[in-house]
Amino acid sequence: MELIQETPDLSAYLAADEVIDHHHPLVRDTAARLAKDADDSYAYARLAFEFVRDTIPHSQDSGDLRVTWRASDVLEQRTGICYAKAHALTALLRAEDIPTALCYQTFDVVHGLVAVRFNGAWHRQDPRGNKPGVNARFSLDGEQLAFLPDTAAGERDHPVLYAAPPPPVLRALRAAPDRPHLWKTLPTTL
């Protein structure tokens, strides 16, 4: 699948906003802490991916009822669904000047992940969090995502790379008082 930038301006994939708030002190401190153990941007990207995947539980897996959507809140509260974890990873990567996009797959509902740009190409990564049957890994040599769509069943990968969360994703997250409510309102299309 060819990934398509929503905007040709690569600086959009480095930008901060209300959701990808990479200028927030907690995001900056976390990025600086991770960067101390990285020899280069590739190593930093892998460390940031593993940090989000492994230290911020997916709220469905952990049973956490809180809904987070802003990157700094995900890092502070240490919980989030796929979208929120993708927002946190995007902020950590952009904080270190690594172009990062939000991207999506559709199963019964829309699933969120990220794409990082290295060596002139985009590489999708899924920081959702591993569990039995899910073994996502950071890779620039071929995707190792949490889920693969079954196209025969109508599931699909979306080729668009977003600089900011699409409105249906953000509306669902912002409107949900808790995860059970969110589960009833997750977008099924973008």
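Up top is the structure these notes are about.
Criteria and cut-off values
- Residues numbered from 1 in each chain as written.
- Predicted model: local features only at pLDDT ≥ 70, side-chain atom pairs only at ≥ 80, totals over all residues.
- Heavy atoms only, no water.
- Helix = DSSP H or I, 4+ residues; strand = E, 2+ residues; numbered from the N terminus.
- Rg over C-alpha atoms; globule rule 2.2 N^0.38 Å.
- Buried < 20%, exposed > 50% of the residue type's maximum accessible area, 1.4 Å probe, protein only.
- Contact = heavy atoms within 4.5 Å.
- Areas by Shrake-Rupley, 256 points an atom, 1.4 Å probe, with all protein chains shown as cover.
- Lys, Arg positive; Asp, Glu negative; His and termini not counted.
- Charge placed at Lys NZ, Arg CZ, Asp CG, Glu CD.
- Pairing = 2+ DSSP bridges.
- 1 Å grid on protein atoms, 1.4 Å probe; cavity = no way out; pocket = protein on both sides within 12 Å on 5 of 7 lines; lining within 4 Å.
- Points joined across faces, edges and corners; volume = space filled by probe spheres on them.
- Nonpolar A, V, L, I, M, F, W, Y, C, P; charged D, E, K, R; others polar.
- Arc of directions from axis to C-beta.

Undergrad: Describe the overall build of the chain, with residues and values.
TA: Scanning the chain from terminus to terminus reveals seven helices and six strands. Listed by position from the N terminus, the elements making up the chain come as β-α-α-α-α-α-β-β-β-β-β-α-α. In summary, the chain has a C-alpha radius of gyration of 15 Å against a globular reference of 16 Å for 190 residues, a match within 12%. Judged by the C-alpha coordinates and their principal axes, the chain covers about 40 × 35 × 35 Å. In the chain, which comprises 190 residues, the share counted as buried stands at 51%. Here the analysis covers contacts within the chain between residues at least 6 apart in sequence; of these, 60% occur between residues at least 24 apart. Here the chain has roughly 8,700 Å² of accessible surface; of this, 49% comes from carbon and sulfur atoms. Side-chain charges of the chain comprise 20 positive and 26 negative groups, with the mean position of each set lying 4 Å from the other.

Undergrad: Hey, could you go over the pairing of strand 2 (residues 100-106) for me, with residue numbers and the actual values?
TA: The element strand 2 is largely enclosed, with a buried count of seven among its seven residues. Neither face of strand 2 is left uncovered, since the one carrying Thr-100, Leu-102, Tyr-104 and Thr-106 and the one carrying Ala-101, Cys-103 and Gln-105 both have all their residues buried. With seven bridges connecting them, strand 2 and strand 3 (residues 110-118) associate as antiparallel partners. Counted as the bridge partner of Thr-100 is Val-116 from strand 3. Here strand 2 folds back onto strand 3 in antiparallel fashion, the turn holding three residues. Note that strand 2 and strand 5 (residues 156-157) share two bridges and pair antiparallel. Within the sheet, the bridge partner assigned to Thr-106 lies in strand 5 and is Arg-156.

Undergrad: Before we move on, can you summarise empty space enclosed by the protein with the specific residues and values?
TA: In this structure the tally under the stated criterion is one cavity of 30 Å³ or more. Approximately 40 Å³ is the volume found for the largest cavity. Taken together, Ser-59, Arg-66, Val-67, Thr-68, Gly-80, Ile-81, Leu-173, Arg-179 and Leu-182 make up the full set of residues lining the largest cavity. Of the residues contributing to the lining of the largest cavity, the split by class is four nonpolar, three polar and two charged.

Undergrad: Report on helix 6 (residues 167-175), specifying residues and quantitative values.
TA: Considered for burial, the residues of helix 6 that qualify are Val-169, Leu-170, Ala-172 and Leu-173. Angularly, the buried residues of helix 6 cover 160 degrees about the axis, an arc narrow enough to put them on a single face. Looking at helix 6, the residues exposed on the side facing more than 90 degrees away from the buried face are Pro-167, Arg-171 and Ala-175.

Undergrad: Which residues make up the environment of Gly-112, and what values do they have?
TA: Here Gly-112 shows up in strand 3. Exposure remark for Gly-112: the relative accessible area of 0% places this residue in the buried category. The spacing of Gly-112 and Asp-97 is 15 residues in sequence and 21 Å in space, taken between C-alpha atoms. When neighbours within four sequence positions are excluded, Gly-112 is seen to be in contact with Cys-82, Tyr-83, Ala-86, Cys-103, Tyr-104 and Asp-126.

Such coordinate-based values are descriptive only and should not be taken to indicate function.
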